[in-house]
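# Commentary on secondary and tertiary structure
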Amino acid sequence: MPDTATDVAAARQQGDTARRASSIGLKGIRKEYPGGVVALESVDLQIGAGEFFTLLGPSGCGKTTLLRILAGLDEPSAGSLTIGGVAVTETPPHKRSVNTVFQSYALFPHLSVRDNIAFGLKMRGVAGAERDTRVKRIADFIQLGELVERRVDQLSGGQRQRIALARALVCEPDVLLLDEPLSALDAGLRRKLQVELLRTQQRLGMTFVFVTHDQEEAMVMSDRIAVLNDGVIQQIGTPQQVYERPVNLFVARFMGHDNIFAVSARHERRITTPIGELTGERPCHGAHVLIRPETIELSAPESEGVEPGKPLNRLFCRVEERFYRGNNVEYRLALEEGGTGATLIAEISNCGERLFRVGDRVRAEIYPEDVVALGDEGSTS
Amino acid sequence: MSSADPVWRRRRHRETRHLLLSVLPGALWIFVFLVLPSLYLMSVAFMTNGGYGQPQLPLTLDAFRNLAGFGFLGWSPGNLYTLLRSLWQALLSLALVILVAYPIAWYIALCRAPLRPLMLLAVVVPSWTNQVIRAFGWMNLLAPGTPLSELAVRVGLVAPNLGLFPSSFAVTLGLVYNFLPFMVLPLYAAFEKLDHARIEAARDLYAGPLRAFFVAVLPQTLAGLLAGSVLVAIPAFGMYVIPELLGGGRSQMLGNLVAQQFGQAANWPLGAAGALLMLLATLVGLVILRRLGRRLGGDDMVI
Amino acid sequence: MTRRSFKRALGIFWWVTLLFLYAPLLVVMFYSFNSINSSARWGGFSLRWYRQLAGNEVIIAAIGNTLVLAIVSSLIAVAIGALTGYGLYRHRARRLGLLIALVYLPIVMPDIVFGIADMTFFVGINRLTGLLSPGLATMVIAHVTFQIPFVALLVYSRLVGLDATLFDAAKDLYASPAQRALHFLLPTLRPALLSAFFLSFTLSVDDFVISFFTAGPESATLPIYIWGAIRRGVSPEINAIATLMIAAVALVAVISLALGRHRGRA
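The rules behind the values
Residues numbered from 1 in each chain as written. Chains lettered and ligands numbered in written order. Predicted model: local features only at pLDDT ≥ 70, side-chain atom pairs only at ≥ 80, totals over all residues. Heavy atoms only, no water. Helix = DSSP H or I, 4+ residues; strand = E, 2+ residues; numbered from the N terminus. Buried < 20%, exposed > 50% of the residue type's maximum accessible area, 1.4 Å probe, protein only. Lys, Arg positive; Asp, Glu negative; His and termini not counted. Charge placed at Lys NZ, Arg CZ, Asp CG, Glu CD. Contact = heavy atoms within 4.5 Å. Buried area = accessible area lost by both parts, 1.4 Å probe. Salt bridge = Lys/Arg side-chain N within 4 Å of Asp/Glu carboxyl O. Polar contact = N/O pair within 3.5 Å; in protein donor to acceptor, adjacent residues only side chain to side chain. Domains from an automatic or database assignment. Nonpolar A, V, L, I, M, F, W, Y, C, P; charged D, E, K, R; others polar. UniProt positions renumbered as here; feature names shortened; annotations may be inferred. Phe/Tyr/Trp six-rings, centres within 6.5 Å; stacked < 30°, edge-to-face > 60°. Lys NZ or Arg CZ within 6 Å of the ring centre and 35° of its normal. Pairing = 2+ DSSP bridges. Axes fitted to C-alpha atoms, helices over the stretch in contact; angles between N-to-C directions. Expected span 1.5 Å × (residues − 1). Bend = angle between axes of the 7 residues up to and from the residue.

Broken down by element type, chain A carries nine helices and 21 strands. Across its three principal directions, the C-alpha atoms of chain A cover 75 × 45 × 40 Å. Buried positions account for 53% of the 381 residues belonging to chain A. Distance between charge centres in chain A, computed from 45 positive and 51 negative side chains, equals 5 Å.

What follows is the structure, encoded as structure tokens:
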């Protein structure tokens, strides 16, 4: 049990970041529903204390099931689970020091905002006076202001989200679970609350397990991301690793689907693709390669190369389409030679330089290390 | 693997126990105080009538023969007339209920949204009063000497010194009155979802008002109409209070025949056979309703 | 016919139908204040039939029976029916077809069959064991039987309308099963339980046929009394009792509507 006398605000003042955090260990977690549907296939996972960890995947990939198993709302069919080193596989949810922010927020309609926030403390038998102080502290911390006095049905989506967060945080759980907490909000509010949530986590140093299907959100917020598909973890890594070095076709496509090419022939570091012959950094074994559009550099064909000495993939192309997005410009390029009709997409950040026009000849340069070999779909690290 | 999985087995056990603890009291209550009595009543239909209406062995089909009109004195059409009258009254009142309820439901759906719940309430509220009192109200309205009866006499609908009540007309009126809300509610549900674009499309494609009605309106409300028909016709078939109070001796229906056998007539098996017939009618109605619900994609909650 | 004239025609029809729906009730109420014994002629305003009621012990007893029957049966039905509704909700993923059919049975059963089946059953039990002689007890049993499905249905539909993750949230916020029932389920269901009680009450007071067949000599309720009075010969006294019953039902309806509106705001 965490020390209940310590409160969130005090932890912040003391800069005491590790106190509330617990690590999580999952071993061979499997979930099969009656009728044979397998939601999770033997998941092994270590989440560090104080980490902002994200479960990312398309709907039906098993991420919510995994979260519910952490909360104790679902029992795994097999495998074991530890929180803070203690085995809790069989512990019912009301005896776990884990709280959840639900996708629908699940605020109790029969209770006021204040009583909603106090609900967990009341169930744990925290005395009335202490309950009030702690509710007040968390309300200050999340800056709820006068929202506490309102009725639940008077709140907007963003306000509900923050109440749900306060209701979970006030219990000072070892681990906070967040099930797509921002998915019901519009884009602007969503970005604002992403920042707010991230700051909250950083100040508290609490272990957050966050579920989302939005890869951008996952990258903004997470220390590490686990990408799931069909109940199997595809890759675990930092946002950078997952985005820049996806291990397989699924992860590469899920994190951004442009510029994935099938490899038709390979010899050492040389590979043949629909956009022509490319040189990779290492010998390539996968059936596909990925070139992230923003790693490609474009220049006029007659100009000097970027770094003449380095081994560089040079492709001569013609601009087919141009999409101006303000901060960057996307070009769709048709290969002039060596290609088989495939389109290469390049994303150039807009630094105020002259833009290429549709029909221009350009030279695309790709560093060997930016040619990422992908394993087959489903193959994992 | 799932059935052998110990976690699942344990869980299933727990859930089954929970199910039993929560649902059993209600289910058992209904089983003991309705299903068992009904089964007993059904079994009575196959017994012999002993002297004072008490059912006795041996088992026989006499009660059904009796119901069909075969008695000690040979065949008489009385019971059969009662059956036919029940059927006729149920169908006639159904037709009239449709004629009244259809425009009413349509009108409610055409009114402004905040008014609609109030209007529905206005239709339903009278049925919250005890049906004996409602029938009594009609007795007051239709009795000899009242303005309505006087009017009927003057027009020549009834003989002088007689009233509109008691009569089989009063029974039909009472049935229509009683079952009107049963038709308005499902019809309104259908009208509320009415796709007006289809009517406009029909009008746009040169259909006259009547044509547009049959092409665009009626098909969309058919489900509600049929559901309402079952809800009206089946209970009307077994009605007891209204024919008893408004009908007088010559407008008896099946419900009265059944009730009599447990009272003065003292023939439980015959009464039970009539009750069995009503149950069968109800069952047929339910099956139709379920079929409709499924075929028309509605939810099963219509019942 | 233009759309507007069509709607106007429907409007006229609507008011005529309303007159049809309320005329019998209004007539009863009107003649309850008639000073002479007639339902065809108006002899002036008077409260004599109400005064006559107040002195009629049989009627006072019938009012008592009606209230006791309605309140006792509603309380039992709410307790049992709420449990049933909750069970059906909790296990709605299972195939409960037969169970649901059983719970629906009292609603679809024709009144007269229901009443007679219970009567024959109670008579049989009474002959075998001496228990359950016809009276208030047998009436309560029969009323609870037809009230249970309505209560269960109300509770069930309230639960289905609820965000299912609320149940998860209660578990997640450290509520034990008992605490969940006390601090989450009961308060959440309170409006539904209240309307269930009022509905059960109304159903009980409205019922005639089932009461009629399960009643004993001492347990006549108001509807049974009115029925008897009508069959003996119409007395304006009946107008007065009927008016009181209409008023009572209207009152209960207004209360439950007000509760419903209040719930809508809260």
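Here the narrative resumes, following the displayed structure.
What follows deals with the interface of chain C and chain B. Counting residues at the interface gives 80 residues for chain C and 77 residues for chain B. Of the roughly 7000 Å² buried at the junction of chain C and chain B (both faces included), carbon and sulfur atoms supply 78%. Joining chain C to chain B, the criterion identifies two salt bridges. For E15(B), the salt bridge identified is with R90(C), shortest N-O distance 2.6 Å. Here chain C is connected to chain B by 13 residue pairs in polar contact (both at pLDDT 80 or more).

Within the secondary structure, I148(C) is located in helix α6 (residues 136–160). Judged by relative accessible area, which is 0%, I148(C) ranks as buried. For the pair I148(C) and A196(C), spaced 48 residues apart in sequence, the C-alpha to C-alpha distance is 9.4 Å. Not counting residues within four places of it along the chain, the set of residues in contact with I148(C) comprises G26(B), W29(B), I30(B), A77(C), I80(C), G81(C) and T84(C).

The next thing to look at is the domain arrangement of chain A. Residues and elements named next belong to chain A. Taken domain by domain, chain A consists of domain 1 (4–243) and domain 2 (252–374). With centres defined by C-alpha atoms, the gap from domain 1 to domain 2 works out at 40 Å. In this assembly, eight residues from domain 1 lie in contact with four residues from domain 2. Summing both sides of the interface, domain 1 and domain 2 together bury roughly 630 Å²; the carbon and sulfur share of this comes to 69%. Area buried by domain 1 at its contact with domain 2 is led by Q215, V242 and Y243, which between them contribute 68% of it. Between domain 1 and domain 2 we count zero salt bridges in total. Put simply, domain 1 and domain 2 have two residue pairs in polar contact (both at pLDDT 80 or more) between them. Only α7 (215–221) and α8 (239–244) provide two or more residues apiece to the side of domain 1 that touches domain 2. Considering only residue class, the side of domain 1 that touches domain 2 consists of five nonpolar, three polar and no charged.

Time to look at the UniProt feature "transmembrane region" (unreviewed entry) in chain B. UniProt's entry tags residues 19–42, 87–108, 120–143, 163–191, 212–242 and 268–289 of chain B with the feature "transmembrane region" (unreviewed entry), counted in the numbering of this structure. Between the C-alpha atoms that bound residues 268–289 of chain B there is a distance of 31 Å. The span itself is 100% helix and 0% strand.

What follows concerns the packing of aromatic side chains. Inspection of the entire model under this criterion finds 38 aromatic pairs over all chains. Measuring from ring centre to ring centre gives 5.5 Å for Y177(B) and F20(C), while their planes differ by 85 degrees; the resulting arrangement is edge-to-face. Placement of the pair is Y177(B) in helix α7 (residues 168–192) and F20(C) in helix α1 (residues 3–31), with the two residues belonging to separate chains. Note on accessibility: Y177(B) and F20(C) belong to one class, buried. Grouped by ring-pair contacts, the aromatic residues Y102(B), W106(B), F191(B), F213(B), F214(B) and F6(C) constitute a single cluster. It is R167(A) that lies over the ring of F108(A); its NZ or CZ is 5.1 Å from the centre. Here the basic side chain of R232(C) rests over the ring of Y225(C), its NZ or CZ set 5.9 Å away from the ring centre.

Next up on the list: the pattern of salt bridges. All names here are of chain A. Applying the stated criterion to the full structure yields 26 salt bridges over all chains. Residues R363 and E365 are paired through a salt bridge, measuring 3.3 Å at the closest nitrogen-oxygen approach. Owing to a relative accessible area of 3%, E365 belongs among the buried residues under this scheme.

As for its position among the elements, I116(C) is in helix α5 (residues 111–129). The buried category is assigned to I116(C), whose relative accessible area is 0%. Linking I116(C) and I210(C), residues 94 residues apart in sequence, is a C-alpha distance of 7.7 Å. Setting aside residues no more than four positions away along its own chain, I116(C) makes contact with L41(B), V258(B), A259(B), F262(B) and F213(C).

Residues and elements named next belong to chain A. With antiparallel pairing, three strands are arranged side by side in an open sheet as β11-β15-β21. The open sheet is flanked by β11 (260–262) and β21 (372–374), the only strands paired with a single partner. Adjacent strand axes in the sheet meet at a mean angle of 30 degrees when their direction is disregarded. Bridge count between strand β15 (residues 288–290) and β21: three bridges; the pairing is antiparallel. When the bridges of β21 are listed, V289 appears paired with A373.

Next up on the list: the UniProt feature "domain: ABC transmembrane type-1" (unreviewed entry) in chain B. Under the local residue numbering, the UniProt record ascribes the feature "domain: ABC transmembrane type-1" (unreviewed entry) to residues 83–289 of chain B. Helix makes up 77% of residues 83–289 of chain B and strand makes up 0%, while its end C-alpha atoms are separated by 23 Å.

With 25 residues, α6(C) ought to run about 36 Å at 1.5 Å a step, and its terminal C-alpha atoms sit 35 Å apart, in line with that. Along α6(C), the helix axis deviates most sharply at Q147(C), where the bend reaches about 30 degrees; the proline P149(C) sits within four residues downstream.

Glancing now at the interface of chain C and chain A. Across the boundary between the two partners, chain C contributes 21 residues, which contact 27 residues of chain A. Counting the surface lost from both chain C and chain A, the interface buries some 2100 Å², and carbon and sulfur atoms represent 61% of this. Among the residues chain C hides against chain A, the three largest losses belong to D172(C), L173(C) and Y174(C). Together they make up 39% of the total. Between R68(A) and D168(C) there is a salt bridge; the shortest N-O distance is 2.7 Å. Joining chain C to chain A, the criterion identifies ten residue pairs in polar contact (both at pLDDT 80 or more). For the side of chain C that touches chain A, the secondary structure elements donating two or more residues are α7 (165–172) and α8 (177–206) of chain C. For the side of chain C that touches chain A, the residue count by class is ten nonpolar, five polar and six charged.

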